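# Chains, contacts and geometry: an overview
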Amino acid sequence: MKLVVAVVQDQDSSRLSNALTKNEFRATKLASTGGFLRSGNTTFLIGTEDSLIPKVLDIIRENCRAREQMVAPISPLGGNADSYIPYPVEVEVGGATVFVLPIEQFHHF
């Protein structure tokens, strides 16, 4: 048994949730916030058998795409302003950060 923890951008959340449900995977969704851009994310907790991990990873890969986005940097508060860029920059956002963890026991009551 494994626990898949997938952190995805909010834009991909509904699409991933629908795909997981369509493929009969149960998931718990948690609201989370990214550290780099301080933007909204969704963290999915998916418990599944070891043999189904490749299928779960394929579903995540197909539904969570990286994309370029213009962002206005947040000014440093009390930090070094020398490296601060005062104009919008293009960064890659989206995709998914996925952790696969071993589970010792699983109970559903």
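Now for a description of the structure that goes with this document. (Residues numbered from 1 in each chain as written. Predicted model: local features only at pLDDT ≥ 70, side-chain atom pairs only at ≥ 80, totals over all residues. Heavy atoms only, no water.)

Quick look at helix α1 (residues 10-22) now. For α1, spanning 13 residues, the distance from its first C-alpha to its last is 19 Å, which sits close to the expected 18 Å at 1.5 Å a residue. In the stretch just after α1, Glu 24 is the one whose phi turns positive, near 65 degrees. (Helix = DSSP H or I, 4+ residues; strand = E, 2+ residues; numbered from the N terminus. Expected span 1.5 Å × (residues − 1).)

For the rest of this paragraph, the subject is the pattern of salt bridges. Taken as a whole and judged by the stated rule, the model has three salt bridges. Two residues, Lys 2 and Asp 50, come together in a salt bridge whose shortest N-O distance is 3.8 Å. Here Lys 2, found in strand β1 (residues 2-9), pairs with Asp 50, found in the loop between β3 (40-48) and α2 (53-63); they are 48 residues apart in sequence, far enough to count as distant. Asp 50 gets classed as partly exposed once you look at its relative accessible area, which sits at 40%. (Salt bridge = Lys/Arg side-chain N within 4 Å of Asp/Glu carboxyl O. Buried < 20%, exposed > 50% of the residue type's maximum accessible area, 1.4 Å probe, protein only.)

Further remarks concern the environment of Asn 63. Relative to the assigned elements, Asn 63 resides in helix α2. For Asn 63, a relative accessible area of 11% translates into the label buried. Residue contacts for Asn 63: discarding those within four places in its chain leaves Asp 12, Arg 15, Leu 16 and Ala 19. (Contact = heavy atoms within 4.5 Å.)

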